[in-house]
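Chain by chain, the residues:
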There are 2 protein chains.
Amino acid sequence: MKTGSPASPKEAGFHLPGHRIRFLPEGVWVEVGPEETIRDAALRAGIEIASACGGEGTCGKCRVRVLSGRVTTDLGAEVCEDDREALSCRTRAKEDLTVEIPLESRLGDSRATILHSEVDAGRQEAGLDEYSLNPVVREVSVSLNEPALGDTVSDWQRLSRALGSSLSWQGPFDISISVLRNLPSILRKGDWKVTAGLVKTGERWEVVSLRPGGDDEPCIGLAVDIGTTTVAVYLVDTSSGRTLQRLVTYNGQFVYGEDVITRVVAASRSQEALEEVRQAVLETTNRLIGSALEAAGLDEGTIHCAVVSGNTVMAHLFLGVDPRNIRLEPYVSATAGFPPFKAEDVGIRMNPDGYVLVLPCPGSYVGGDVVAGTLVSRIGDGNRKEMLVDVGTNGEVVLGNDDLLVAAACSMGPAFEGSGISCGMRSVPGAVHRVSIEEGGEVVHMETIGGERPIGICGSGLVELLAAMLDAGVVDMSGTFTGVGGRRIRKNAGDPCYVLLFAEETGLSRDLAIYQSDIKNLIRAKAAMYAGIRYLAEFVGMDLDELEHIYVAGAFGSHLDVEAAVKIGMFPDIGVQKFVVLGNSSVKGSRLAILSRKAFHRMEELAGNMTYVELSTEPAYMDHFVSASFLPHTDLSLFPTARMRADLDDS
Amino acid sequence: MKTGSPASPKEAGFHLPGHRIRFLPEGVWVEVGPEETIRDAALRAGIEIASACGGEGTCGKCRVRVLSGRVTTDLGAEVCEDDREALSCRTRAKEDLTVEIPLESRLGDSRATILHSEVDAGRQEAGLDEYSLNPVVREVSVSLNEPALGDTVSDWQRLSRALGSSLSWQGPFDISISVLRNLPSILRKGDWKVTAGLVKTGERWEVVSLRPGGDDEPCIGLAVDIGTTTVAVYLVDTSSGRTLQRLVTYNGQFVYGEDVITRVVAASRSQEALEEVRQAVLETTNRLIGSALEAAGLDEGTIHCAVVSGNTVMAHLFLGVDPRNIRLEPYVSATAGFPPFKAEDVGIRMNPDGYVLVLPCPGSYVGGDVVAGTLVSRIGDGNRKEMLVDVGTNGEVVLGNDDLLVAAACSMGPAFEGSGISCGMRSVPGAVHRVSIEEGGEVVHMETIGGERPIGICGSGLVELLAAMLDAGVVDMSGTFTGVGGRRIRKNAGDPCYVLLFAEETGLSRDLAIYQSDIKNLIRAKAAMYAGIRYLAEFVGMDLDELEHIYVAGAFGSHLDVEAAVKIGMFPDIGVQKFVVLGNSSVKGSRLAILSRKAFHRMEELAGNMTYVELSTEPAYMDHFVSASFLPHTDLSLFPTARMRADLDDS
């Protein structure tokens with residue numbers, strides 16, 4: 001039985017006094033005293049909450065959602081249920097809390113916090129140039145001849161004939177029952193000119209919407225990436241291929257655990273528990289869709305088709321399919337492929353008669369997100385040996401060419417997604433994403449996303465921090481503090497740490513610091529990734545040097561310093577020029593699947609061709625993991641650049 | 001604009017004193033005084049209601065459903081809503097009522113009242129000998145290999161592979177989302193032996209049910225005939241082809257009018273009205289299904305597929321599709337063909353993931369019931385010129401061979417279904433179905449269905465009565481009473497009538513009699529039918545004598561005396577031996593469609609080949625109708641047998 005990584009900060013090894021509040025969507029932690037309001041704590045954490053009444057509890061602008069933990073309000077009432085609203089200026093923590101600060105309660109251009117920043121790998125990723133625009137969803141305006149005594153074919157025959165000639169489609173059409181029910185009145189209201197929304201599933205086009213007239217409202221497709229940590233949605237104009245909105249936020253399932261295993265455990269308790277876990281991610285997805293539609297000025301009925309990608313557990317939980325056997329030997333999923341489902345049956349916020357297509361999940365721990373990444377990276381399209389590594393709570397590796405595709409997954413935990421690390425946070429404005437250290441560890445240079453006041457460190461920042469501490473001798477190869485670092489080395493609650501920014505410099509309540517326990521977490525995560533990469537290469541009998549490219553997908557954005565990642569031994573030392581950073585290739589693949597039926601079919605093909613290798617039962621993988629639990633590795637012959645540096649230092 | 005026939009007895013020209021109660025499902029009318037309870041009225045009408053307390057209102061056994069009209073109870077309370085229950089021994093009419101006496105409140109083997117008596121035309125109708133057993137629904141038990149570390153395909157892949165080899169089906173399978181959600185637990189509960197229910201729609205099999213183990217519960221298909229007056233359901237064991245249950249009852253939509261036009265008018269008032277009319281027939285259908293399942297000892301989940309046939313308006317209303325344009329020139333239906341619908345979307349009582357297939361309706365007044373009849377009668381299968389006549393509230397005629405199929409509909413009204421006729425009733429026990437008159441109209445011989453005490457006259461009885469009155473000289477060629485008939489000729493409330501059975505002979509409250517107004521109704525109905533038959537023959541340029549067969553479907557059961565029907569001029573005088581009585585060929589065709597995919601596809605073909613002829617706009621049809629409004633016809637050269645008889649009488 002696989003077991004999950006710890007979910008709460010206390011279990012994760014934090015030893016800080018008092019209660020702690022985690023603010024979402026940033027994922028920043030802050031400790032609070034008994035008298036401090038949630039709003040004050042947020043301000044100290046660097047997050048500004050709106051207020052018009054100055055904290056009198058009257059304007060209602062500082063409303064937040066308390067997702068877990070008990071609170072007290074000024075009136076002494078105690079609210080115990082999860083997921084409720086509170087005025088942050090009048091509410092205090094009675095225990096550790098998770099608090100979401102919704103968009104409307106934020107100061108400034110807060111939309112940026114959930115705008116998905118896309119990495120553009122240019123010609124190094126697959127796009128519409130090779131998968132031509134031929135979407136699974138279409139909108140067609142037709143003008144029909146009015147029926148007369150000599151021309152009395154039924155309304156539906158009349159419409160489907162016109163659609164057939166407009167789409168040059170000889171085959172039959174289907175029609176949703178709710179559209180059929182109102183067909184006569186819509187045709188006549190539009191004076192025999194109507195616009196139909198159609199989705200192609202299998203070998204048939206189905207009319208899923210119909211409105212009078214011939215307006216040119218865009219026909220929207222929805223690309224959804226369900227990550228364990230974050231959910232991203234793209235609204236795509238299927239006629240132009242243009243992406244209208246890109247939004248991302250944390251996956252609301254986090255209250256059931258940080259990784260897929262704890263989620264499966266939570267969902268396996270009962271039918272009701274499974275439904276609860278499903279609703280959590282549905283709620284997140286539907287909220288994102290709502291925000292995206294609002295920003296685009298569109299109605300939810302305009303979305304006729306959604307393509308969803310996610311790892312296998314996420315896909316199961318999203319659909320409410322029992323995932324329990326995924327974590328029990330021999331690790332079998334309920335399904336690898338998904339027939340098209342009606343949106344209504346899935347519960348997604350769009351035209352209820354539209355369709356939801358879920359990308360195939362070839363293995364229990366290799367899902368549609370990886371299949372999407374494989375398409376986007378073009379692995380399997382030629383005879384070049386290439387690799388995709390997808391960094392997330394699970395790290396996935398795909399290796400191969402058009403002859404052979406093998407895939408594996410390793411449990412990294414959410415450290416590089418900014419979770420389970422005391423100073424960790426998501427890649428949003430205020431996150432430190434560049435770090436360098438000079439002068440014996442005494443001087444730290446940092447850059448934050450958006451140039452804002454630093455409130456935490458995101459994944460790419462953690463990679464650079466670890467590499468910089470190693471370079472500067474602040475930590476040794478085992479990741480242990482050496483004492484180097486002068487005044488920046490402190491001990492808080494018994495756990496030594498290295499301080500990037502002192503509380504007194506920032507006005508925040510605490511030092512921005514990395515603890516010994518954080519470093520151990522990060523080393524475990526990067527070692528899992530490297531061990532997977534190495535095991536898979538050995539599995540197909542190749543040398544890592546033979547790889548022409550390694551595509552990096554997942555948690556890291558465009559900010560990732562590949563050199564630093566090699567320096568800490570997360571990625572193999574095969575030359576920086578061989579790495580291509582793709583960003584969220586899962587949602588990119590979903591987007592392509594909506595815009596191009598060829599891309600969708602290619603992903604089904606790729607999933608069918610992929611051989612899944614189970615690492616958890618392989619002793620060799622564990623050996624690789626242990627050897628990789630150093631910075632960069634116990635065997636420096638695998639890291640020539642590091643050895644060269646060590647030799648230079650010695651000489 | 002077409003207009004409907006009147007729905008209430010007063011509008012229909014009855015002039016009887018006091019309130020009247022119509023009892024269902026028989027359709028018998030009886031008049032009541034202000035002090036008479038519903039139970040006493042029913043007893044006088046010949047319908048026995050159960051009671052254990054002797055009318056004290058305490059045992060609850062005499063419960064009835066008051067479908068329309070206001071009542072008073074002993075407690076003085078007045079119930080005004082439609083469709084409510086009442087104790088018949090303590091309830092009285094405040095106005096005209098329609099009262100249903102449910103099965104459980106009847107004395108004796110009352111199930112017979114809704115058992116559908118099938119006509120077996122033997123080798124003269126199509127059956128499973130030519131449409132081989134190859135049902136759209138299947139149940140398959142499979143044993144799967146338990147997954148192991150070397151065999152980790154997903155549960156769904158494992159199951160679909162086994163199903164594929166069991167069904168010898170190479171193509172893909174679909175699975176309902178609710179089945180997928182529980183797939184893992186069902187497979188393991190059954191220790192890898194399971195039974196799947198599958199439906200084939202289009203080119204894919206879909207798993208719509210799954211249960212652990214390999215039991216041999218039958219896999220049930222449902223054949224439904226939605227008639228304007230009655231609804232029939234058959235439960236069919238699809239593995240053997242055996243019909244397990246055949247039930248029929250009146251269509252609950254009757255409260256919205258007796259014919260299709262008044263139903264369309266009622267449903268066109270608003271979206272809510274359409275839904276109300278839809279629910280009425282759904283409720284009837286679901287009640288029949290419930291009774292059939294109970295009698296067969298089966299659960300509703302065993303029904304995986306339903307095939308529904310009905311005229312075009314009934315099909316629209318059953319699905320909740322706006323029918324308003326069917327009655328407005330140029331009489332265009334919303335749809336002629338129906339994609340497969342999920343049972344859940346239709347609201348039918350069966351496995352919600354199962355499918356409902358609706359037979360195609362080629363014309364606005366020629367529906368799936370006629371297509372079914374065409375299949376069953378084999379018109380269109382050879383080069384013989386043949387005709388189908390379907391007698392109902394609408395009379396439909398199909399004429400042709402494998403070269404040409406033409407169809408038309410004429411509005412007969414429900415007279416021959418026992419409605420709108422003072423002594424009319426449905427073909428159930430107690431209905432007079434044979435009549436002869438002797439000795440100058442003074443002596444009447446009758447037979448009733450089931451040999452029971454006569455309480456009314458059904459359609460075939462009315463045909464014989466009319467023919468017998470004509471033969472005996474009780475009425476002349478125009479249908480007017482001649483005075484012949486002696487003491488049997490009476491005048492009630494100004495309307496002359498001919499009494500078959502005097503009240504004092506029966507213990508019923510009134511004479512069993514036919515009124516002048518009834519005769520006019522019957523002549524209108526038979527004239528509409530004959531005019532349609534004649535018009536259609538002229539339309540294709542043939543003589544009626546050229547017909548090799550006329551198949552008679554619809555309201556009449558096996559009791560129809562074709563000679564009498566020719567005598568009154570309902571059917572052409574081409575020789576009795578050419579007529580084949582089919583009974584309810586609509587439900588027979590639905591049954592075949594469930595059992596044989598070939599039969600289903602043949603019906604789609606037939607519907608596509610059928611040319612619909614609109615009679616209501618044809619002056620020649622009206623001319624034929626007027627000429628046919630005599631007994632048998634104004635032109636006796638068309639009825640040689642009648643002319644011969646007349647010549648004999650004259651000589």
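Residues numbered from 1 in each chain as written. Chains lettered and ligands numbered in written order. Predicted model: local features only at pLDDT ≥ 70, side-chain atom pairs only at ≥ 80, totals over all residues. Heavy atoms only, no water.

## Some details on the overall build of chain A
Along chain A, the regular secondary structure elements total 16 helices and 30 strands. The globule rule puts the C-alpha radius of gyration for 651 residues at 26 Å, and the 26 Å found for chain A is close to it. Across its three principal axes, chain A shows a C-alpha extent of roughly 95 × 70 × 45 Å. Of all intrachain contacts in chain A linking residues separated by at least 6 positions in sequence, the fraction that spans at least 24 positions is 67%. Here chain A displays about 23,200 Å² of accessible surface, and carbon together with sulfur accounts for 47% of that area. The distance from the centre of the 61 positive side-chain charges to the centre of the 89 negative ones in chain A is 3 Å. (Helix = DSSP H or I, 4+ residues; strand = E, 2+ residues; numbered from the N terminus. Rg over C-alpha atoms; globule rule 2.2 N^0.38 Å. Contact = heavy atoms within 4.5 Å. Areas by Shrake-Rupley, 256 points an atom, 1.4 Å probe, with all protein chains shown as cover. Lys, Arg positive; Asp, Glu negative; His and termini not counted. Charge placed at Lys NZ, Arg CZ, Asp CG, Glu CD.)

## Here's the deal with the interface of chain B and chain A
Accessible area lost on assembly of the parts is the figure often given for the size of an interface. Counting from both sides, the interface comprises 40 residues of chain B and, opposite them, 40 residues of chain A. Between chain B and chain A, the buried area comes to about 3,300 Å², and carbon and sulfur atoms account for 62% of it. Summed over the shared surface of chain B and chain A, the number is 0 salt bridges. At the surface where chain B touches chain A, the tally comes to 16 residue pairs in polar contact (both at pLDDT 80 or more). The set of elements that each furnish at least two residues to the side of chain B that touches chain A consists of α2 (155-167), β10 (173-175), α3 (177-189), α5 (271-296) and α7 (343-346) of chain B. Across the side of chain B that touches chain A, the residue classes tally to 20 nonpolar, 12 polar and 8 charged. (Buried area = accessible area lost by both parts, 1.4 Å probe. Salt bridge = Lys/Arg side-chain N within 4 Å of Asp/Glu carboxyl O. Polar contact = N/O pair within 3.5 Å; in protein donor to acceptor, adjacent residues only side chain to side chain. Nonpolar A, V, L, I, M, F, W, Y, C, P; charged D, E, K, R; others polar.)

## As for the relation of the copies chain B and chain A
For the match of chain B to chain A, the screw axis carries a shift of 0.1 Å, the RMSD comes to 0.1 Å, and the turn is 180°. Interpreted geometrically, this transformation is the action of a two-fold axis. Closest to the rotation axis within chain B is the C-alpha of Glu203(B), separated from it by 4.5 Å. (Least-squares fit on C-alpha atoms with pLDDT ≥ 70 in both.)

## Considering the pattern of salt bridges
Tallying each qualifying case throughout the model produces 48 salt bridges over all chains. In this structure, Glu95(B) and Arg70(B) form a salt bridge, with 3.6 Å as the shortest nitrogen-oxygen distance. Remark: Arg70(B) occurs in the loop between β3 (63-68) and β4 (71-73) and Glu95(B) occurs in the loop between β7 (91-93) and β8 (97-100); sequence separation between them is 25 residues. Overall, the relative accessible area of 30% leaves Arg70(B) in the partly exposed class. Ionic pairing is found between Arg158(B) and Asp151(B), a salt bridge with its closest N-O pair at 3.0 Å. Given a relative accessible area of 26%, Asp151(B) falls into the partly exposed group. Linked through salt bridges whose partners overlap, the residues forming this network are Arg65(A), Glu100(A), Glu283(A) and Arg287(A). (Buried < 20%, exposed > 50% of the residue type's maximum accessible area, 1.4 Å probe, protein only.)

## Considerations on the pairing of strand β25 (residues 489-492) of chain B
Residue and element names in this part refer to chain B. The pairing of β25 with strand β26 (residues 495-501) spans 4 bridges and is classified as antiparallel. Bridge pairing links Lys491 to Pro496 in β26. Here β25 folds back onto β26, and the loop between the two strands holds 2 residues, one of which, Ala493, carries a positive phi near 50°. (Pairing = 2+ DSSP bridges.)

## Re the packing of helix α8 (residues 368-377) of chain B against helix α13 (residues 585-595) of chain B
All names here are of chain B. At a closest axis distance of 7 Å, the pairing of α8 and α13 adopts a crossing angle of 75°. Between α8 and α13, the crossing angle belongs to the class labelled roughly perpendicular. Two secondary-structure elements touch here, α8 through Asp369, Ala372, Gly373, Leu375 and Val376 and α13 through Ser585, Ser586, Lys588, Gly589, Ser590 and Leu592. Among the residues forming the contact of α8 with α13, the class breakdown is 4 nonpolar, 5 polar and 2 charged. (Axes fitted to C-alpha atoms, helices over the stretch in contact; angles between N-to-C directions. Parallel < 35°, antiparallel > 145°, perpendicular 65-115°, else oblique.)

## Side note on the packing of helix α4 (residues 260-267) of chain B against helix α6 (residues 312-319) of chain B
Residues and elements named next belong to chain B. For the pair α4 and α6, interaxial distance at closest approach is 10 Å and the crossing angle is 30°. Looking at the two axes, α4 sits roughly parallel to α6. Regarding α4 and α6, the two cross each other, and that crossing is left-handed. Contacts from Val260, Arg263, Val264 and Ala267 in α4 reach Val313, Met314 and Leu317 in α6. Residue composition of the contact of α4 with α6, by class: 6 nonpolar, no polar and 1 charged. (Left-handed = near helix turned anticlockwise from the far one by under 90°.)

## As for the side chain of Ser154(B)
Here Ser154(B) lies in the loop between β9 (137-143) and α2. Each residue touching Ser154(B), except ones within four places of it in the same chain, is listed here: Val332(A), Ser333(A), Ala334(A), Thr335(A) and Ala336(A).

## A look at helix α9 (residues 459-471) of chain A
All names here are of chain A. Compared with the 18 Å implied by 1.5 Å per residue over 13 residues, the 18 Å span of α9 between its first and last C-alpha is a close match. In terms of burial, α9 is largely enclosed, as 12 of its 13 residues are buried. Those residues of α9 lying buried are Gly459, Ser460, Gly461, Leu462, Val463, Glu464, Leu465, Leu466, Ala467, Ala468, Met469 and Leu470. Backbone geometry just after α9 places Gly473 at a positive phi near 80°. (Expected span 1.5 Å × (residues − 1).)

## So, α4(B)
The periodicity of an α-helix, 3.6 residues per turn, causes residues three or four positions apart to be oriented the same way. Residues and elements named next belong to chain B. Burial runs high along α4: 7 of the 8 residues are buried. All buried positions along α4 are accounted for by Val260, Ile261, Thr262, Arg263, Val264, Ala266 and Ala267. Taken together, the buried residues of α4 touch α5, α6 and β20 (394-400).

## Quick word on the sheet that holds strand β24 (residues 456-457) of chain A
Residue and element names in this part refer to chain A. The mixed open sheet is built from 3 strands, whose spatial order is β23-β22-β24. At either end of the open sheet lies a strand with only one pairing partner, and these are β23 (443-448) and β24. Bridging between strand β22 (residues 431-438) and β23 involves 6 bridges; their strand directions are antiparallel. Counterpart to Arg434 in the pairing with β23 is Glu447. α9 contacts β22 and β24 of the sheet and is inclined by roughly 10° relative to β22.

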